[in-house]
Amino acid sequence: MTVTNGLYSIQIDMRDGGHGHASGILVLIDGKIAGGDSHFYYTGTYTADRGKWRGELTTNEHTKSVGVRPLFGGREVTCGFSGGYTGDGAEVEGTALVGKTSVSFHAKLALHSAL
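**A short note on the nonpolar core**
Phase 1 of the analysis: Formed by 26 residues in total, the largest nonpolar core has its most connected members in Leu-28, Trp-53, Phe-81, Phe-105 and Leu-109.
Phase 2 of the analysis: Those elements giving two or more residues to this core turn out to be β1 (6-14), β2 (21-29), β4 (40-49), β5 (52-61), β6 (77-86), β7 (89-98) and β8 (101-114).
Phase 3 of the analysis: Apart from the residues lying within four places of it in its own chain, the contact partners of Phe-81 are Ile-33, Thr-45, Tyr-46, Trp-53, Arg-54, Gly-55, Glu-56, Leu-57, Val-92, Glu-93, Gly-94 and Phe-105.

**A word on the side chain of Ser-9**
Phase 1 of the analysis: Relative to the helices and strands, Ser-9 resides in strand β1.
Phase 2 of the analysis: Under the relative-accessibility criterion, Ser-9 is labelled buried at 18%.
Phase 3 of the analysis: One polar contact links Ser-9 to His-112, side chain to side chain, over a distance of 2.8 Å.
Phase 4 of the analysis: Not counting the four nearest positions on each side in its chain, Ser-9 is found in contact with Gly-24, Ile-25, Lys-108, Leu-109, Ala-110 and His-112.

**Some points on the pattern of salt bridges**
Phase 1 of the analysis: The final tally for this structure, using the stated rule, is three salt bridges.
Phase 2 of the analysis: A salt bridge links Arg-15 to Glu-93, with the shortest nitrogen-to-oxygen separation between them at 3.6 Å. In this pair, Arg-15 sits in the loop between β1 and β2 while Glu-93 sits in strand β7, placing the two residues 78 residues apart along the sequence.
Phase 3 of the analysis: A residue is classified by how much of its surface remains accessible, and Glu-93, at 40% relative accessible area, is partly exposed.

**So, the environment of Thr-2**
Phase 1 of the analysis: Its place among the elements puts Thr-2 in the segment before β1.
Phase 2 of the analysis: With 49 residues separating them along the chain, Thr-2 and Gly-51 place their C-alpha atoms 7.0 Å apart.
Phase 3 of the analysis: With sequence-adjacent residues up to four places away left out, Thr-2 is seen in contact with Ala-48 and Tyr-85.

Conventions and cut-offs
Residues numbered from 1 in each chain as written. Predicted model: local features only at pLDDT ≥ 70, side-chain atom pairs only at ≥ 80, totals over all residues. Heavy atoms only, no water. Core = buried A, V, L, I, M, F, W, Y, C linked by side-chain atoms within 4.5 Å. Buried < 20%, exposed > 50% of the residue type's maximum accessible area, 1.4 Å probe, protein only. Helix = DSSP H or I, 4+ residues; strand = E, 2+ residues; numbered from the N terminus. Contact = heavy atoms within 4.5 Å. Polar contact = N/O pair within 3.5 Å; in protein donor to acceptor, adjacent residues only side chain to side chain. Salt bridge = Lys/Arg side-chain N within 4 Å of Asp/Glu carboxyl O.

Everything listed is a geometric property; what it means functionally is a separate question.
Structure below.
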């Protein structure tokens, strides 16, 4: 079994004293990631095998946020992640390098529509 190709919602919570959370959508197709939320778009790649997966995700701001402080301060940020998956979702732990600071996060993905 591999990660199901499809449309996922994602919920992200910061760890290690980091403040904040985010949510958005991701499309996972054959090792590629695309998605976004109201202020950022996401691109990346992943590999998966036997219930484990890992990859890289880059976030880029497409719309300035007014009155809201983005998780990564509006910067382009690349995150490494790894975790487990099932047929209808996944969880990951990851680290984002924001400037010179490493920020840990946990994310849950839920499959909404298989492709």
